[in-house]
Amino acid sequence: MKYLVWSLILAALTGSQPVVAQVFLKAEYMSATNFRDVDNNKTGGKGDAKVVQAGFNIPIVAKTDEHDKLISAWGITCGGSYTTMNNDGLAAEINLSSILDAQIGLMHTRPISEKWSLIASVGIGIYTDAGKFSKFSFKDLMGNGGVLFVCHLKENLDLGGGIMLNSTFGYPMVFPAFYLNWMLTGRYTVEISMVSAIEMSCGMRLNKSFNLKLIASMDGMLAFTEQDDKKQMFTQQYIVAGLQPEFVLGKNLTLPVTLGVSPYRTAFYTDRTLKAFFKDTGKDFDPHFSLSPYISAAIKYGF
């Protein structure tokens, strides 16, 4: 599971996505549940999580053809999340209560043939224990970049891959990157996306102002920290599934509200080394919280 967790988090940090104008604000809450160790046994502690996310993409230079179709663009992307955790009886397992992640980057997209496009990005971010922000250092920064080649297989299906580079371990490392965006529209909708996170949904357009969806997603956050004079990383990853009423407030403005559960929320430390990244613990579980009720609300604007 740790391999999956890290691959998803590292992919999310590349910021490689099409240059389109977007603004969003999202608040999430996962209620307190029991914490379990690598053997899936209760430790006696429990905790909740509250997450606020915000971000925007702004094209700064865009080139269109004679039909006003976007050909190439440069844009700025900025995003961040603030996570607070009320943990009880977990001082030995989790000794931080808040996480601040923030990134800024430059993106570029352009076609390279009739069916292929290139998406590139470069940026920098801070991933830190918010409770110790006054002691911020350059060790909490991570540079990242990526190049993706995307094939437009159909009008509603894009699939691609490439490489990403970041300084997770304090020095540049190259990792594979993947891109998937599939969408069916109409009265019934299906969406599967693996761009900045894993998101899946299927639903129905009940009228012009209201959609109803079943959704599943995976997201996470990261904090660089130190334990016993060793550089470490704290990772929290969570899966969400639920029912999402979506209110259409205007042509480009929506308000999705999600009611559901978080069946699995990991929370663990690893050494900030390449060896620890590939180490196999031989366990079926990462330290994690049990299933918990989940609620979120967001406001999204895009065109």
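Residues numbered from 1 in each chain as written. Predicted model: local features only at pLDDT ≥ 70, side-chain atom pairs only at ≥ 80, totals over all residues. Heavy atoms only, no water.

Q: Could you give an account of a nonpolar patch on the surface, with specific residues and numbers?
A: A surface patch of nonpolar side chains, about 1,000 Å² in accessible area, is lined by V23, F56, I58, I60, V61, W74, I76, I104, L106, V122, I124 and Y301. For the nonpolar patch, the secondary structure elements donating two or more residues are strand 2 (42-64), strand 3 (70-84), strand 5 (98-111) and strand 6 (116-129). When residues of the nonpolar patch are assigned to their parent elements, the largest contribution, four residues, is made by strand 2. Turning to its location among the elements, I124 is positioned in strand 6. (Patch = residues over 30% accessible without salt bridge, like charges linked within 9 Å, V, L, I, M, F, W, Y side chains within 5 Å. Areas by Shrake-Rupley, 256 points an atom, 1.4 Å probe, with all protein chains shown as cover. Salt bridge = Lys/Arg side-chain N within 4 Å of Asp/Glu carboxyl O. Helix = DSSP H or I, 4+ residues; strand = E, 2+ residues; numbered from the N terminus.)

Q: Help me get a handle on the nonpolar core, residues and values and all.
A: Membership of the largest hydrophobic core comes to 19 residues, with the highest contact counts inside it found for I94, L96, I99 and F234. In this structure, F234 is in contact with M85, I94, L96, I99, M221, L222, A223, A267, F268 and Y269, ignoring residues within four places of it in sequence. Judged by nonpolar contacts, the second largest core, of 15 residues, contains V150, M173, F175 and A177. (Core = buried A, V, L, I, M, F, W, Y, C linked by side-chain atoms within 4.5 Å. Buried < 20%, exposed > 50% of the residue type's maximum accessible area, 1.4 Å probe, protein only. Contact = heavy atoms within 4.5 Å.)

Q: Talk me through the pattern of salt bridges; I want residue IDs and the actual numbers.
A: One pass over the full model with this rule turns up six salt bridges. Notably, a salt bridge pairs K50 with D48, separated by 3.6 Å at the nearest N-O pair. Given the relative accessible area of 30%, K50 is considered partly exposed. Classification of D48 as buried rests on a relative accessible area of 7%. Two residues, K213 and E246, come together in a salt bridge whose shortest N-O distance is 3.5 Å. Taken as a pair, K213 in strand 12 (residues 210-227) and E246 in strand 13 (residues 230-248) lie far apart in primary sequence, 33 residues in all. The buried category is assigned to E246, whose relative accessible area is 10%. Taken together, the shared-partner salt bridges connect E191, K213 and E246 into one network.

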